[in-house]
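# Examination of the molecular architecture
Spelled out from the first residue to the last, the chains are:
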Amino acid sequence: MEVLLGSDDIRGDLAESYGYVNRSLPDAELDAFVDTFASRIALFDRLAIGDTKRLVNAASLPPDVEVDAGWQACMASIARPAAQKKIKALMALGFHKPGDLEDRIGYYLGKPGL
């Protein structure tokens, strides 16, 4: 509830402790880790990789009807006047462009008057 209702940014170490990610790495180590991991996966049989991904998705993703309900709730929320006002203010500050707002949107969402 803290994450969903608070809309704040989550540091990598906290996301790791919450179980949102399986590891967090310093930025300087990320590219090498990803390259090594991708190279390892590329050595394995494509069908086995595809089957693994399919089975993990089947076991861990919600049914389509639940995804659709969440999507519909999100779209209804975005259409509300209060959300449109906030989106307009965020756009004026640089929303959807590289920069501080995109890097720390949780911080900006918590500012009074936005």
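The model shown is predicted, which means the values in this text are computed figures rather than measured ones.

### Details of the overall build of the chain
Assigned secondary structure in the chain consists of eight helices and zero strands. From first element to last, N terminus to C terminus, the chain shows the α and β order α-α-α-α-α-α-α-α. In summary, the chain has a C-alpha radius of gyration of 19 Å against a globular reference of 13 Å for 114 residues, an excess of more than 25%. Taking the principal axes of its C-alpha atoms as reference, the chain extends roughly 50 × 40 × 25 Å. Here the chain holds 114 residues, and the buried ones make up 6% of them. A sequence separation of at least 24 residues applies to 27% of the contacts in the chain between residues at least 6 apart. For the chain, the computed accessible surface area is about 9,600 Å², with 60% contributed by carbon and sulfur atoms.

### Structural notes on the confidence of the model for the chain
Mean pLDDT over the chain works out to 92, with 100% of the residues at or above the 70 mark. When pLDDT is averaged over each helix and strand of the chain, the minimum, 86, is found for helix H1 (residues 2-6) and the maximum, 97, for helix H3 (residues 27-42).

### Topic: the packing of aromatic side chains
According to the stated counting rule, one finds three aromatic pairs in the structure shown. For the pair tyrosine 18 and tyrosine 20, a centre-to-centre distance of 5.8 Å together with 90° between the ring planes defines the contact as edge-to-face. Each ring, one from tyrosine 107 and one from tyrosine 108, has its centre 5.2 Å from the other, and the planes form 85°; the classification is edge-to-face. The cationic tip of arginine 104 hangs over the ring face of tyrosine 107; the distance from NZ or CZ to the ring centre is 4.2 Å.

### A few points about the environment of glycine 110
Tracing the backbone shows glycine 110 in the segment after helix H8 (105-109). Along the sequence, glycine 110 and aspartate 8 sit 102 residues apart, while their C-alpha atoms lie 7.4 Å from each other.

### Description of a nonpolar patch on the surface
Taken together, the side chains of Leu30, Phe33, Val34, Phe37, Ile41, Leu43 and Phe44 present a nonpolar region at the surface, about 630 Å² in accessible area. Following the sequence through the fold, valine 34 ends up in helix H3. Valine 34 gets classed as partly exposed once you look at its relative accessible area, which sits at 42%.

### A few points about unusual backbone geometry
The residue serine 7 is not glycine, and still its phi comes out positive at about 50°. As for its placement among the helices and strands, serine 7 is situated in the loop between H1 and helix H2 (12-18).

Cut-offs used in this document
- Residues numbered from 1 in each chain as written.
- Predicted model: local features only at pLDDT ≥ 70, side-chain atom pairs only at ≥ 80, totals over all residues.
- Heavy atoms only, no water.
- Helix = DSSP H or I, 4+ residues; strand = E, 2+ residues; numbered from the N terminus.
- Rg over C-alpha atoms; globule rule 2.2 N^0.38 Å.
- Buried < 20%, exposed > 50% of the residue type's maximum accessible area, 1.4 Å probe, protein only.
- Contact = heavy atoms within 4.5 Å.
- Areas by Shrake-Rupley, 256 points an atom, 1.4 Å probe, with all protein chains shown as cover.
- pLDDT = per-residue confidence, 0-100.
- Phe/Tyr/Trp six-rings, centres within 6.5 Å; stacked < 30°, edge-to-face > 60°.
- Lys NZ or Arg CZ within 6 Å of the ring centre and 35° of its normal.
- Patch = residues over 30% accessible without salt bridge, like charges linked within 9 Å, V, L, I, M, F, W, Y side chains within 5 Å.
- Salt bridge = Lys/Arg side-chain N within 4 Å of Asp/Glu carboxyl O.

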